[in-house]
Structure formats: structure tokens, C-alpha cells
Amino acid sequence: MLVRMERLAERVERIVGARPVRWEARAAPWQPTEAVEGGNERFSVLLDDGRRVFVKAAQAEHTAEWLRREHEVYAHLQGSFIPRLEGFEDDPLYPLLVLEDLSDADWEVLWDTARIGAVRAALAELAAADVPPNTLPVRQSFSALFGRW
């Protein structure tokens, strides 16, 4: 485990140019633990330069493909509706995606006029964006795996 984390830290440092000093595991809030065998590892990582990044590391062939696809989307889209892409390493077996960390964002569910306006503005921004490439194969593969989109 320690050797794997050291290797992961080296990869993150190569991608973002700063050394990881603290790792916090992050589970996908919508997904029970171990819901997808070989699912991606997720971490909020504090770097030695004071920045924080969100790291996703693939652990299986099918999740590696998902992570590559996710990188395509982040590389294609930019805006208030999506975290900033910090970097990507397309290792043949275990790709690594590094994004802006949103841990300190305001996650409170409070539907006041200002927040509704912000959501509407983000949706308008998204609607105006070009569709990322290769969307049909992704929808088909998710449907085959989960029986739904």
C-alpha cells in the first residue's frame, strides 16, 4: 500500500508540479463503497505549495476507459459548471486525472433567488458549449453495464 501511494504521489507531482503532503480519501457521495469492482480511487490532496487538487486514479480496465473519457470531457469543456482540469496522465493500465478540488465549495442545499439564478446561468453556459466528442459510445457502454443511462 505504501509503495503504491508513493508511486501515486510521484505521478501527481509530475502532473501539477508540486508534492502531495496530505491525502484525504473521497468516496463518490452517490455510490455505495465498492459499488463498482475496481472503481476509481478518489482523493482530495493538499500540495506543498498550498494548493488542493482532486485526484482520480483508475484501478481496473473498465474504469481506466471511463477515466480517459472523463478526461476528454474536461479537456473539451470549460466554465462555471465544471471543475478545472489540472492535468492527466494516460498510463496504459492506470490513468490519473487531476482536477480542481471543490471540497471547500458551498454544498448547502439552499434554493434562494441568487442560487437559482446561478444554476440557470450555469445551465445556459453549458447549453451554449459544444458537445464533447464521442458521446454515443459512452451512453451505450453505460447502458450495457447498468441497464440505463
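What counts and what doesn't
- Residues numbered from 1 in each chain as written.
- Predicted model: local features only at pLDDT ≥ 70, side-chain atom pairs only at ≥ 80, totals over all residues.
- Heavy atoms only, no water.
- Helix = DSSP H or I, 4+ residues; strand = E, 2+ residues; numbered from the N terminus.
- Buried < 20%, exposed > 50% of the residue type's maximum accessible area, 1.4 Å probe, protein only.
- Areas by Shrake-Rupley, 256 points an atom, 1.4 Å probe, with all protein chains shown as cover.
- Expected span 1.5 Å × (residues − 1).
- Arc of directions from axis to C-beta.
- Contact = heavy atoms within 4.5 Å.
- 1 Å grid on protein atoms, 1.4 Å probe; cavity = no way out; pocket = protein on both sides within 12 Å on 5 of 7 lines; lining within 4 Å.
- Points joined across faces, edges and corners; volume = space filled by probe spheres on them.
- Core = buried A, V, L, I, M, F, W, Y, C linked by side-chain atoms within 4.5 Å.
- Phe/Tyr/Trp six-rings, centres within 6.5 Å; stacked < 30°, edge-to-face > 60°.
- Salt bridge = Lys/Arg side-chain N within 4 Å of Asp/Glu carboxyl O.
- Pairing = 2+ DSSP bridges.
- Axes fitted to C-alpha atoms, helices over the stretch in contact; angles between N-to-C directions.

Q: I tried to follow the overall build of the protein on my own but got confused; where do I start?
A: The secondary structure content of the protein amounts to four helices and five strands. Beginning at the N terminus, the succession of helices and strands in the protein can be written as α-β-β-β-α-β-β-α-α. Relative to its 149 residues, the protein shows a buried fraction of 33%. Of the roughly 9800 Å² that the protein leaves accessible, carbon and sulfur atoms contribute 56%.

Q: Whenever I open this one, helix α1 (residues 2-16) confuses me. Can you help?
A: Because each turn of an α-helix spans 3.6 residues, side chains separated by three or four positions in sequence point in the same direction. With 15 residues, α1 should reach 21 Å at 1.5 Å per residue; the first-to-last C-alpha distance of 21 Å fits that figure. Every buried residue of α1 is accounted for by Met 5, Leu 8, Ala 9, Arg 11, Val 12, Ile 15 and Val 16. The buried residues of α1 occupy an angular sector of 165° when projected down its axis, which confines them to one face. Residues of α1 that are exposed and point more than 90 degrees away from the buried face comprise Leu 2, Val 3 and Arg 14. On the buried face of α1, the contacting elements are β1 (20-25), β2 (41-47), β3 (52-57), β4 (85-89) and β5 (96-100). Positive phi appears at Gly 17, one or two residues downstream of α1, with a value of about 75°.

Q: Help me understand the layout of surface pockets in this model?
A: In this approach a probe as big as a water molecule rolls over the atoms, and the regions it shows empty are the leftover space. Space inside the second largest pocket adds up to approximately 180 Å³. Lining the second largest pocket are Arg 4, Arg 7, Leu 8, Arg 11, Glu 41, Ala 57, Ala 58, Gln 59, Asp 91 and Tyr 94. Looking at the lining of the second largest pocket element by element, the count peaks at four residues for α1.

Q: Which parts of the structure should I look at to understand the nonpolar core?
A: The nonpolar side chains of a soluble globular protein tend to be buried with one another. Val 16, Leu 47, Val 53, Val 55, Leu 96 and Val 98 are the most contacted members of the largest nonpolar core, which has 14 residues in total. Residue assignment for this core shows that the elements contributing at least two residues are α1, β2, β3 and β5. A per-element tally of this core places α1 first, with five residues. Sequence-distant contacts of Val 16, defined by excluding residues within four places in its chain, comprise Leu 47, Arg 51, Val 53, Glu 86 and Val 98. Core analysis: the second largest hydrophobic core is formed by nine residues, Ala 58, Leu 77, Ile 82 and Leu 99 among them.

Q: Hey, could you run me through the packing of aromatic side chains in this one?
A: Enumeration according to the criterion identifies one aromatic pair in this entry. Between Trp 23 and Phe 43, the aromatic rings sit 5.2 Å apart at their centres with planes inclined by 85°, giving edge-to-face as the arrangement. Of this pair, Trp 23 sits in strand β1 while Phe 43 is found in strand β2, placing the two residues 20 residues apart along the sequence. With a relative accessible area of 9%, Phe 43 lands in the buried category.

Q: Can you walk me through the pattern of salt bridges in this structure?
A: If the charged atoms of two oppositely charged side chains come close together, the side chains can form a pair. If you walk through the whole model with that rule in mind, you get 15 salt bridges. Measuring nitrogen to oxygen at the nearest pair gives 2.8 Å for the salt bridge that ties Arg 14 to Glu 89. Highlighted residues: Arg 14 in helix α1 and Glu 89 in strand β4, separated in sequence by 75 residues. Judged by relative accessible area, Glu 89 falls into the buried class, the value being 17%. Where salt bridges share partners, they join Arg 22, Glu 24, Arg 26 and Arg 52 into one cluster.

Q: Can you walk me through the sheet that holds β3 in this structure?
A: Pairing between the strands of a sheet is mediated by backbone hydrogen bonds and can be parallel or antiparallel. Strand order across the open sheet formed by five strands is β1-β2-β3-β5-β4, with antiparallel pairing between neighbours. Of all strands in the sheet, those bounded by a partner on one side alone are β1 and β4. For this sheet, the mean inter-axis angle between neighbouring strands, taken without regard to orientation, is 25°. Bridging between β4 and β5 involves four bridges; their strand directions are antiparallel. Across the sheet, the residue bridging to Gly 87 is Val 98, located in β5.

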